[in-house]
Amino acid sequence: GAVVSQHPSWVICKSGTSVKIECRSLDFQATTMFWYRQFPKQSLMLMATSNEGSKATYEQGVEKDKFLINHASLTLSTLTVTSAHPEDSSFYICSAKGLAGVPDTQYFGPGTRLTVL
Amino acid sequence: TQLLEQSPQFLSIQEGENLTVYCNSSSVFSSLQWYRQEPGEGPVLLVTVVTGGEVKKLKRLTFQFGDARKDSSLHITAAQPGDTGLYLCAGDNNQGGKLIFGQGTELSVKP
């Protein structure tokens with residue numbers, strides 16, 4: 001149990017385009033989902049926290065108009081990188097927390113590698 | 001700003017050696033989690049510790065939560081090449097479920 005999927009697993013896009021990444025909890029309802037960014041050989045950096053049906057809470061320094069987060073249901077959250085630029089290239093990981101597995105534990109998706117040309 | 005200091009950040013050892021990774025903070029956490037991550041994949045949960053002084057074992061891995069719930073350690077006995085990866089500790093400080101991550105420990109076990 002407590003499986004989280006992400007789609008796509010990797011994406012290459014041109015500068016100026018928008019990219020949408022999906023995060024799904026497959027076998028449990030996720031009351032809260034989190035979006036992280038990770039650079040090579042580094043730890044995870046929290047971008048935002050989203051609760052189902054409400055606006056996401058962004059961490060300091062994260063542009064909410066650039067990284068649009070929607071948490072429309074208890075099993076799906078999406079991150080849209082708008083007008084992507086090469087500096088947005090990174091590994092994006094989501095996690096979900098809800099009524100599954102060990103209480104109050106975040107379960108992570110496999111990540112999405114974004115490359116902006 | 002709460003910090004979770006993880007050390008060492010890099011560790012390269014021979015197969016069969018033992019190692020310990022530390023996570024320390026001045027803050028109290030309600031729980032602390034350890035993850036292992038391989039390149040190009042998401043972190044995989046190894047263990048969650050919630051009680052001060054708690055010790056949990058997972059085969060050759062031993063996890064300990066400090067009595068004051070401010071620090072934790074991961075000890076690996078007789079490391080194997082399959083243990084190679086990025087190990088991350090993360091503390092829950094009861095702020096909406098957000099986790100505070102350590103810097104990570106890149107472990108390389110050579111055969």
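Structure first, text after, so check above.
I will try to describe carefully the structure that is included in this document. (Residues numbered from 1 in each chain as written. Chains lettered and ligands numbered in written order. Predicted model: local features only at pLDDT ≥ 70, side-chain atom pairs only at ≥ 80, totals over all residues. Heavy atoms only, no water.)

### Digging into unusual backbone geometry
Note the cis peptide between histidine 7 of chain A and proline 8 of chain A, where omega equals 0 degrees. In the segment running from serine 7 of chain B into proline 8 of chain B, the intervening peptide bond is cis, with an omega of -5 degrees. Within the secondary structure layout, proline 8 of chain B lies in the loop between strand 1 (5-7) and strand 2 (10-14). Residue serine 83 of chain A is not a glycine yet carries a positive backbone phi of 45 degrees. Take serine 83 of chain A: it is sitting in the loop between strand 8 (76-81) and strand 9 (90-98). (Helix = DSSP H or I, 4+ residues; strand = E, 2+ residues; numbered from the N terminus.)

### Quick look at the side chain of glutamine 6 of chain A
Residues and elements named next belong to chain A. Within the secondary structure, glutamine 6 sits in strand 1 (residues 4-7). Using a relative accessible area of 9% as the deciding quantity, one classes glutamine 6 as buried. One polar contact links glutamine 6 to threonine 112, side chain to side chain, over a distance of 3.1 Å. If we skip the residues at most four places from it in the chain, glutamine 6 touches Ile21, Glu22, Cys23, Trp35, Tyr92, Ile93, Cys94, Gly109, Pro110, Gly111 and Thr112. (Buried < 20%, exposed > 50% of the residue type's maximum accessible area, 1.4 Å probe, protein only. Polar contact = N/O pair within 3.5 Å; in protein donor to acceptor, adjacent residues only side chain to side chain. Contact = heavy atoms within 4.5 Å.)

### Focus: the interface of chain B and chain A
Taken together, the contact between chain B and chain A spans 21 residues of the former and 22 residues of the latter. Taking both partners together, chain B and chain A bury about 1500 Å²; carbon and sulfur atoms supply 56% of that area. In terms of surface lost to chain A, no three residues of chain B exceed Pro43, Lys98 and Phe101 of chain B, which account for 27% of the buried area on that side. At the junction of chain B with chain A, the criterion picks out 2 salt bridges. Its salt-bridge partner being glutamate 106 of chain B, residue lysine 41 of chain A comes within 3.9 Å of it at the nearest N-O pair. Joining chain B to chain A, the criterion identifies 6 residue pairs in polar contact (both at pLDDT 80 or more). Listed by contribution, the elements that provide at least two residues to the side of chain B that touches chain A are strand 4 (31-37), strand 5 (44-49), strand 9 (85-92) and strand 10 (99-101) of chain B. Residue composition of the side of chain B that touches chain A, grouped by class: 7 nonpolar, 10 polar and 4 charged. (Buried area = accessible area lost by both parts, 1.4 Å probe. Salt bridge = Lys/Arg side-chain N within 4 Å of Asp/Glu carboxyl O. Nonpolar A, V, L, I, M, F, W, Y, C, P; charged D, E, K, R; others polar.)

### What about the environment of valine 109 of chain B?
Residues and elements named next belong to chain B. Here valine 109 lies in strand 11 (residues 105-110). Counting along the chain gives 41 residues from valine 109 to alanine 68, while the straight-line C-alpha distance between them is 32 Å. Sequence-distant contacts of valine 109, defined by excluding residues within four places in its chain, comprise Ile13, Gln14, Glu15, Ala79, Gln80, Pro81, Asp83 and Thr84.

### Quick notes on the state of the cysteines
Inspection of the entire model under this criterion finds 2 disulfides over all chains. Across the disulfide, cysteine 23 of chain B is cross-linked to cysteine 89 of chain B (sulfur-sulfur distance 1.7 Å). In this structure the cystine formed by cysteine 23 of chain B and cysteine 89 of chain B twists about its S-S bond by roughly -90 degrees; its chirality is therefore left-handed. A residue pair is termed long-range when its members are at least 10 positions apart, and cysteine 23 of chain B in strand 3 (residues 19-24) and cysteine 89 of chain B in strand 9 qualify at 66 residues. With relative accessibility at 0%, the residue cysteine 23 of chain B sits in the buried group. Cysteine 94 of chain A supplies the cysteine sulfur nearest to cysteine 13 of chain A, a cysteine that is in no disulfide, at a spacing of 18 Å. The buried category is assigned to cysteine 13 of chain A, whose relative accessible area is 10%. (Disulfide = S-S within 2.5 Å.)

### Describing the pattern of salt bridges
Residues and elements named next belong to chain B. Under the criterion given, the structure shown has 7 salt bridges over all chains. Across the pair lysine 56 and glutamate 54 runs a salt bridge whose closest N-O atoms are separated by 3.7 Å. The exposure class assigned to glutamate 54 is buried, which follows from its relative accessible area of 17%.

### Structural notes on the layout of surface pockets
Considering only enclosed or pocket space, the second largest pocket measures out at about 250 Å³ in volume. Contributing to the lining of the second largest pocket are 15 residues, with Gln38, Pro40 and Lys41 of chain A together with Pro39 and Gly40 of chain B lying nearest its centre. Of the residues that constitute the lining of the second largest pocket, the class distribution is 5 nonpolar, 5 polar and 5 charged. (1 Å grid on protein atoms, 1.4 Å probe; cavity = no way out; pocket = protein on both sides within 12 Å on 5 of 7 lines; lining within 4 Å. Points joined across faces, edges and corners; volume = space filled by probe spheres on them.)

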